[in-house]
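# Breakdown of the fold
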Amino acid sequence: MPYVLGIDIGSTNTAASVARRRGATWARPEMVALDGGSVTVPSVLHLAADGTLVVGEPSAEDGSRTARGFVRRVGDDVPLLLGGEACPPQMLTALLAAWVVERVLDREGEPAEAVVLSHPAGWGRHRRELLHEALWQFGLGNVTLLPRTVTVAESHAARGFPGSAAAVYALGGNTFEAALVRRTPRGTYETFGLPQGLDWIGGADFDEALAEHVRTVLARELAAAGPRQTHATLRALLPECDRAKRDLTVGTETDVLLTLPTGPVRVPVTRVRFEDMIRPAVQATVDLLTRTVHSAGLLPAQLDGVLLAGGSTRIPLVVELLAAAFPVPVEVEPDPQLTAATGAALAACQVVSPRPRRPEPDRGPAPAVEAGRAAAPAVPAQRGPDLDRSARSEPPPRPPVRITPLELPKASRLVLARGRGREG
């Protein structure tokens, strides 16, 4: 059955969604199981002993052979080192995308009619061209690149969000993105204004805040356990804090469980206590979103809504602080970790079957500008899927000098490492 594919490679997790053609229409996108029954896989590549790159968390951590956060590094002139070999971050990003495409191809038995890959909202032409060229080297020359904030808006619109202009609040595992989107005459979305972000706030930082609280509570017991046991306990601490954080999104209290030489210990934590730990960081994201709106010459009340994405937006404090700052609906989907991938598949439907352009309404003569006040300058928009022809054009030719010493494997040689990743 014909289908399109949407891919979201986040800072911590990767997800993919397919939408199938049913006659003249497209069915609601379905998430793809990338790791057995899991619909996400960690955005991690590990250089195995046989020279292949393995997708997912390694069984034994080796920082010199494991790459994380490479999407954020696209455009950085300094390559990542894997096993002592230099590897451009755009090549690692393209390799992970190619692996997803091949997984879906194996399952579906035929290639997708269109592929849309989301990217950080703040990317300019240079970073997109770098990734396009890397994708081309893996045989993916027809991939459309779209800002993650646009794919987030497409997903919310498909679930019934009727608004035209909205703020997108994307809080993932390691990063935060804020941007404005508006509906185009074709019914798709495009970004406008200046997207902004924070690379130092995310769900992993909330885990660390909780872990620091646990280390303080158990300081005496950890000191008595000795270095070896303390190291083993602390290795298990962050994953356990991630679990506790998830529990607190639906419950009001939970326990962080650890094992010490003296036996298992429980450190109780309430939602109120946890939210006190992370409130300054969450408030910083809300403040940045507010500044993003103001920088476009708008007030929060002039928006039609705030659209959320990213696993960390499950935390009730996020919605609470956003609702206090924005007197408009705050929209969050049942699983916001998958919002961007779902929206990417919806955008891919529009690549294959563009919506007809809606007639422009007759707005009458332009209003006069009040005396003594200057009209706000027009803000250039980042084009959406129906307008961004450069995103689907052939990438620039490869440079004449070979600069990648690492012999990257083909996607078919990749092996999925079954590891558990934090929310992204």
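The shown structure was predicted, so the numbers you read here are calculated from the model rather than taken from an experiment. (Residues numbered from 1 in each chain as written. Predicted model: local features only at pLDDT ≥ 70, side-chain atom pairs only at ≥ 80, totals over all residues. Heavy atoms only, no water.)

Let us now look at the overall build of the chain. When you go through the chain residue by residue, the secondary structure sums to 10 helices and 20 strands. Buried positions account for 52% of the 424 residues belonging to the chain. Long-range contacts, defined as pairs at least 24 residues apart, comprise 70% of the intrachain contacts of the chain with a sequence gap of at least 6. Accessible area for the chain stands at about 19300 Å²; split by element, carbon and sulfur atoms hold 54% of it. (Helix = DSSP H or I, 4+ residues; strand = E, 2+ residues; numbered from the N terminus. Buried < 20%, exposed > 50% of the residue type's maximum accessible area, 1.4 Å probe, protein only. Contact = heavy atoms within 4.5 Å. Areas by Shrake-Rupley, 256 points an atom, 1.4 Å probe, with all protein chains shown as cover.)

Overall, the prediction assigns the chain a mean pLDDT of 84, with 83% of residues at 70 or greater. Ranking the elements of the chain by mean pLDDT puts helix 10 (residues 389–392) last with 38 and strand 18 (residues 306–309) first with 98. Segment residues 363–424 is flagged for pLDDT under 50; beyond a separation of four residues in sequence, or across chains, it makes 138 contacts in the model. (pLDDT = per-residue confidence, 0-100.)

So, about the nonpolar core. Counting residues in each nonpolar core, the largest one holds 44 residues, and the members touching the most others are Tyr169, Val256, Phe274, Val306 and Leu322. Among the elements that take part in this core, helix 7 (residues 271–295) stands out by supplying 8 residues, more than any other. Leave out the neighbours within four places in its chain, and Val306 touches Ala167, Tyr169, Leu289, Leu322, Phe326, Val328, Pro329, Val330 and Glu331. With 41 residues, the next largest nonpolar core counts Val18, Val71, Ala97 and Leu135 among its residues. (Core = buried A, V, L, I, M, F, W, Y, C linked by side-chain atoms within 4.5 Å.)

Following both chains from N to C, one finds helix 1 (residues 89–108) and helix 2 (residues 125–137) inclined at 50°, their axes separated by 8 Å at the closest point. Between helix 1 and helix 2, the angle is such that the two are oblique. The two elements helix 1 and helix 2 cross, and the hand of that crossing is right-handed. Listed contacts from helix 2 to Gln90, Met91, Thr93, Ala94 and Ala97 of helix 1 are Leu130, Leu131, Ala134, Leu135 and Gln137. In terms of residue class, the contact of helix 1 with helix 2 is made up of 7 nonpolar, 3 polar and no charged. (Axes fitted to C-alpha atoms, helices over the stretch in contact; angles between N-to-C directions. Parallel < 35°, antiparallel > 145°, perpendicular 65-115°, else oblique. Left-handed = near helix turned anticlockwise from the far one by under 90°. Nonpolar A, V, L, I, M, F, W, Y, C, P; charged D, E, K, R; others polar.)

Before going further, it helps to spend a moment on the sheet that holds strand 8 (residues 66–68). The sheet built from 3 strands is open, its strands ordered 7-6-8 with antiparallel pairing. Both outer strands of the open sheet, strand 7 (53–55) and strand 8, are each paired with one neighbouring strand and no more. Averaged over all pairs of adjacent strands, the angle between strand axes in this sheet comes to 25°, irrespective of strand direction. Pairing analysis gives 3 bridges linking strand 6 (residues 44–47) to strand 8, with the strands arranged antiparallel. Each residue of the ladder has a partner; that of Val44, found in strand 8, is Arg68. On the sheet, helix 1 packs against strand 6, strand 7 and strand 8 and is oriented at approximately 60° with respect to strand 7. (Pairing = 2+ DSSP bridges.)

On to the pattern of salt bridges. Applying the stated criterion to the full structure yields 19 salt bridges. With a shortest N-O distance of 3.0 Å, Glu57 and Arg68 are connected by a salt bridge. Taken as a pair, Glu57 in the loop between strand 7 and strand 8 and Arg68 in strand 8 lie far apart in primary sequence, 11 residues in all. With a closest N to O distance of 3.0 Å, Asp207 and Lys245 form a salt bridge. Here Asp207, found in helix 4 (residues 203–217), pairs with Lys245, found in helix 6 (residues 227–250); they are 38 residues apart in sequence, far enough to count as distant. Considered together, Asp207 and Lys245 belong to a single accessibility category, that of buried residues. (Salt bridge = Lys/Arg side-chain N within 4 Å of Asp/Glu carboxyl O.)

Their axes nearest at 9 Å, the elements helix 7 and helix 8 (residues 316–325) cross at an angle of 45°. Of the possible angle classes, the one that applies to helix 7 and helix 8 is oblique. Of the two elements, helix 7 crosses helix 8, and the hand of that crossing is right-handed. Here Arg271, Glu275, Ile278, Arg279, Val282, Gln283, Val286, Leu289 and Thr290 of helix 7 come into contact with helix 8, specifically with Pro316, Leu317, Val318, Glu320, Leu321, Leu322 and Ala325. Residues of the contact of helix 7 with helix 8, tallied by class, amount to 10 nonpolar, 2 polar and 4 charged.

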